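Read off the chains here:
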There are 2 protein chains.
Amino acid sequence: MSDAAFMARAIALSHDGVAAGGGPFGAVVVRNGVIIGEGRNNVVPGRDPTAHAEVMALRDACARTGSHDLSGAVIYTSCEPCPMCLGAIWWARCAEVVYGNGRAEAAGIGFDDAAIYEEVARPIDSRALPLRRLMAAEAFSAFQAWADKADKTPY
Amino acid sequence: MSDAAFMARAIALSHDGVAAGGGPFGAVVVRNGVIIGEGRNNVVPGRDPTAHAEVMALRDACARTGSHDLSGAVIYTSCEPCPMCLGAIWWARCAEVVYGNGRAEAAGIGFDDAAIYEEVARPIDSRALPLRRLMAAEAFSAFQAWADKADKTPY
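Since the structure is predicted, the reported quantities are computational estimates derived from the model, not experimental observations.

Conventions and cut-offs
- Residues numbered from 1 in each chain as written.
- Chains lettered and ligands numbered in written order.
- Predicted model: local features only at pLDDT ≥ 70, side-chain atom pairs only at ≥ 80, totals over all residues.
- Heavy atoms only, no water.
- Helix = DSSP H or I, 4+ residues; strand = E, 2+ residues; numbered from the N terminus.
- Pairing = 2+ DSSP bridges.
- Axes fitted to C-alpha atoms, helices over the stretch in contact; angles between N-to-C directions.
- Buried < 20%, exposed > 50% of the residue type's maximum accessible area, 1.4 Å probe, protein only.
- Right-handed = clockwise from strand over helix to strand, strands pointing away.
- Parallel < 35°, antiparallel > 145°, perpendicular 65-115°, else oblique.
- Left-handed = near helix turned anticlockwise from the far one by under 90°.
- Contact = heavy atoms within 4.5 Å.
- Least-squares fit on C-alpha atoms with pLDDT ≥ 70 in both.
- Salt bridge = Lys/Arg side-chain N within 4 Å of Asp/Glu carboxyl O.
- Polar contact = N/O pair within 3.5 Å; in protein donor to acceptor, adjacent residues only side chain to side chain.
- Nonpolar A, V, L, I, M, F, W, Y, C, P; charged D, E, K, R; others polar.

K.L.:
An account of unusual backbone geometry is needed here, citing residue identities and associated values.
P.N.:
Residue and element names in this part refer to chain A. At Arg47, a position not held by glycine, the phi torsion is positive, near 50 degrees. Along the chain, Arg47 turns up in the loop between helix 2 (43–46) and helix 3 (53–65). Of note, the phi angle at Arg93 is positive, near 65 degrees, even though the residue is not glycine. Following the sequence through the fold, Arg93 ends up in the loop between helix 4 (83–91) and strand 4 (96–101).

K.L.:
Which residues make up the sheet that holds strand 5 (residues 131–133) of chain B, and what values do they have?
P.N.:
Ordered in space as 2(A)-1(A)-3(A)-4(A)-5(B), the 5 strands form an open sheet in which the pairing is mixed. Two strands bound the open sheet, and with one partner strand each, they are strand 2 (34–40) of chain A together with strand 5 of chain B. Along the sheet, successive strands turn relative to each other by an average axial angle of 20 degrees, direction set aside. Pairing geometry for strand 1 (residues 26–31) of chain A and strand 2 of chain A, over 6 bridges, is antiparallel. Opposite Arg31 of chain A, over in strand 2 of chain A, you have Val34 of chain A as the bridge partner.

K.L.:
Got a sec to walk through the pairing of strand 4 of chain A? Specific residues and values, please.
P.N.:
If a strand is regular, its side chains alternate between the two faces of the sheet. Buried residues dominate strand 4 of chain A, accounting for 6 of its 6 residues. Judged from the 5 bridges that link them, strand 3 (residues 74–79) of chain A and strand 4 of chain A form a sheet pairing that is parallel. When the bridges of strand 4 of chain A are listed, Tyr76 of chain A appears paired with Val98 of chain A. Once the chain exits strand 3 of chain A it traverses helix 4 of chain A before rejoining the sheet at strand 4 of chain A, and the crossover so formed is right-handed. Sheet analysis places strand 4 of chain A next to strand 5 of chain B, joined by 3 bridges and oriented parallel. Looking across to strand 5 of chain B, one finds that Val97 of chain A is bridged to Leu131 of chain B.

K.L.:
So, the packing of helix 4 of chain A against helix 4 (residues 83–91) of chain B: which residues are in play, and what are the values?
P.N.:
Contact geometry for helix 4 of chain A and helix 4 of chain B: axes closest at 7 Å, N-to-C directions at 150 degrees. One element, helix 4 of chain A, and the other, helix 4 of chain B, form an angle in the roughly antiparallel class. The two elements helix 4 of chain A and helix 4 of chain B cross, and the hand of that crossing is left-handed. Between helix 4 of chain A and helix 4 of chain B, the contacting residues are Pro83, Met84, Gly87, Ala88 and Trp91 of chain A on the first element and Pro83, Met84, Gly87, Ala88 and Trp91 of chain B on the second.

K.L.:
Which residues make up the relation of the copies chain A and chain B, and what are the values?
P.N.:
Overlaying chain A with chain B gives an RMSD of 0.0 Å, the required rotation being 180 degrees about an axis along which the chain moves by 0.0 Å. Such values leave the two copies arranged in the relation of a two-fold axis. Closest approach to the rotation axis within chain A is made by the C-alpha atom of Met84 of chain A, at a distance of 1.9 Å. Of all interface residues in chain A, 100% are interface residues in chain B too; the two copies therefore contact each other through one and the same surface.

K.L.:
Could you give me a rundown of the interface of chain A and chain B, with the residues and numbers involved?
P.N.:
Counting residues at the interface gives 87 residues for chain A and 87 residues for chain B. The interface formed by chain A and chain B includes 8 salt bridges. Its salt-bridge partner being Asp3 of chain B, residue Arg132 of chain A comes within 2.6 Å of it at the nearest N-O pair. The interface formed by chain A and chain B includes 32 residue pairs in polar contact (both at pLDDT 80 or more). For the side of chain A that touches chain B, a count of residues per class yields 54 nonpolar, 18 polar and 15 charged.

Below, the structure written as structure tokens:
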């Protein structure tokens, strides 16, 4: 399959998303020329705010391959990823993102990621969503347990 | 339950995460003084790069309450959220984040979110993870379908 065919599949999934009562977003994860994961937006039907197409496709690829690590994979998404999805793609160690719609088009139909991009870039004390620190010493105990653990699997 | 009790529960979950072979992170979602969702890091055991404690707790809260919208909820997390989790918290419409460990402590035990924070803040053409645009016109067709749909549920 070609680059265009992978994107065409992501776009087809974005239409499926609309038909299923979700948002108009689809994505596929490709490695070595083969689709290893697919997803469409399922936020409203699945009652899950994290069920963006990219997250769904990454989770599908990880379930199919049996690993949280998708190194070398390319994700084709019908729209530029939001910060949540970009973070998920980063954690999954994908090598490239290919996207169709841009954030401007998304904002034009009511999905405005600009505020989240701005929010993530702000220092903690300037955020719109307030953050407050509590019980730092107690919280550190689990970090110490992790640091001391001999048989851990880092990721 | 008090503020401190909610954070203590998040910290207890972070210890559970280590014991279960995951990372040392836990979180609870609270609304109207009651815990409505809990999560611990499950990336390695669950083979899911999106299974951070905050995402798990948000998904649990949404499953329990039957809604993708957690407006008014507070999330207590044993560590400052990464950009993926901050995005998820934003999409879930939480009102506040209370955290224990900071990003510096996380980096100190090998979980360095700084690169992701920098990445998300960069313009597309300056990203470390390459993004490429393809088939924008075709991709827009699903956005048009969404815009034209009379019975859609925006979120």
